[in-house]
Amino acid sequence: AKMRFAGVSILVLFLSTLEAQRFLQGDLPPEFQNFIEIENDFQPYEMEMEMSPGYGSIDESNEFMEQFSHALHSHSQGAPHKRTVTAEAALTDAMSYQENAVQFMRKGRYAEALQFYDKCLKIQLKALGDLHPLVAQTIDFMGVALLRLDRAYDALETFEKSLAIYQHLGGAGKRVDWALTVMHVGQALELQAENIPKKVSQLQDNQIDKLTKEALAKYNMALEVFKVLEREDPDIDIANIMHCKGNVYNIRGQYKEALRHFKYALGDKLQILGENDPSVAWTKNNIANSLKGLGQIDEAIKWYKEALDMVSKHFGHDHPEVAHVHWNLALAYQTKGEMEAERRAAKGRRSFWFRLFFGKGRRRAHEGSDFLKMEKHLVHAFDVFQSRLGQDHTSTMRAKEALMALEELRRD
């Protein structure tokens, strides 16, 4: 997903709620023209934060903060309203907390990031009221942090609050920020679907079908807004939407359709971000997911390794996003090992000794080099998940169950 720190103009921080609404509608009072100059000064330094689902990376620019502070100071003399002094102080404190939150998000320390977003929000609510674009944006950021903590339902509720503010201010369907939040709603629905076990019951399969269809509807809604408001070609928001839609098709088992969307996203991301951006790595990871679903295990492992190398260089080895790629590689080697074990079993079932000691059809996927590689990646993923996300996170619990299954295979 992609969030723009300055996607909602900093200018609106100096306006009352009513004036902010008029700003969104393009009807700005003349007395605020000097703040337009401020806006023009810092516009080139707009900070964009790239996040993966799930969910991916965040990049920040301290230069933007410095340039805006400089622009604000240079225009502060003769400000038209006394309230700008209070607003400036609130802006400084809120942006400081938000900067800290961004740093923690980059490090994969999502719970701590959430705390700083909460501090930022409290200042904004006091200074601006609860119906303000910047408030909506901070609430959206908090929802993204909740997604990283696997709190899909809380995240969904948070995103809905953000959308309600945009709706009240007349920004629904008219602003990129609104579309980004709609995209995040889709990600929350996607995460809910992903956490439901497949092929356990018809009821659960129906839930997955319902949630993924709703997620696709949200992604398409956001996509239409991006196509109208953003005229860049290629466009990063559209690339991210294609990536998200690919995720949904993977969950639905439509791997060829998922692959088509991921390759579209990858082509645009490479043009916009270059080869070494972590967002590119995450799309490569998800291409591997599709290939694995299609049974092309060796090709999938190749893509996973490329993604792992890229995110490890960017984040270091103990980041949750890196651990997710280790987890995916473990699953790929497990699948490869099982396929090889099935081949050995099919060949050995004619053997009397095979039937005597191992029983007909028994698979021994825990043997051989694939098992050793699987174990290596699985242990690494579990250690990082447990230390960085906590014992109760879904990723930690899944990795723990997989390690316990390995121990049972050894005992058997």
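These notes cover the structure that comes with them. In this text the structure is predicted, and so the values were computed from the model without any measurement.

**Some remarks on the side chain of S312**
- Note on placement: S312 falls in helix α13 (residues 297–315).
- Here L308 takes part through its backbone oxygen, which lies 2.7 Å from a polar atom of the side chain of S312.
- If sequence neighbours within four positions are ignored, S312 has contacts with H317 and V322.

**Observations regarding the pattern of salt bridges**
- According to the stated counting rule, one finds 13 salt bridges in the structure shown.
- Residue D177 is joined to R175 by a salt bridge in which the shortest nitrogen-to-oxygen separation is 3.3 Å.
- Look at D177 and you get buried, because its relative accessible area is 5%.
- On the basis of relative accessibility, which here comes to 16%, the residue R175 falls in the buried class.
- Notably, a salt bridge pairs K284 with E306, separated by 3.2 Å at the nearest N-O pair. Of the two residues, K284 is situated in helix α12 (residues 278–293) and E306 in helix α13; the sequence distance between them amounts to 22 residues.
- By relative accessible area, which is 31% here, E306 ends up partly exposed.
- By sharing partners, the salt bridges in this structure join D209, K213 and R252 into a single network.

**Quick look at helix α7 (residues 152–168)**
- Relative to the 24 Å expected for 17 residues at 1.5 Å per residue, α7 spans 24 Å between its end C-alpha atoms, a close match to the ideal helical length.
- Of the positions making up α7, those classed as buried are A152, A155, L156, T158, F159, S162, L163, I165 and Y166.
- On the buried face of α7, the contacting elements are α6 (133–148) and α8 (176–194).
- G170, located one to two residues past α7, shows a positive phi value of around 80°.

**Let's talk about the packing of aromatic side chains**
- Applying the stated criterion across every chain, the model contains 3 aromatic pairs.
- Ring centres 6.1 Å apart and planes at 40° place the aromatic pair Y97 and F116 in the tilted group. Highlighted residues: Y97 in helix α4 (residues 83–106) and F116 in helix α5 (residues 110–128), separated in sequence by 19 residues.
- The class of F116 is buried, set by a relative accessible area of 16%.
- An angle of 50° between the planes, with centres 5.7 Å apart, marks the rings of Y117 and F141 as tilted. With Y117 in helix α5 and F141 in helix α6, this residue pair connects regions lying 24 residues apart in the sequence.

Thresholds, definitions, all that
Residues numbered from 1 in each chain as written. Predicted model: local features only at pLDDT ≥ 70, side-chain atom pairs only at ≥ 80, totals over all residues. Heavy atoms only, no water. Helix = DSSP H or I, 4+ residues; strand = E, 2+ residues; numbered from the N terminus. Polar contact = N/O pair within 3.5 Å; in protein donor to acceptor, adjacent residues only side chain to side chain. Contact = heavy atoms within 4.5 Å. Salt bridge = Lys/Arg side-chain N within 4 Å of Asp/Glu carboxyl O. Buried < 20%, exposed > 50% of the residue type's maximum accessible area, 1.4 Å probe, protein only. Expected span 1.5 Å × (residues − 1). Phe/Tyr/Trp six-rings, centres within 6.5 Å; stacked < 30°, edge-to-face > 60°.

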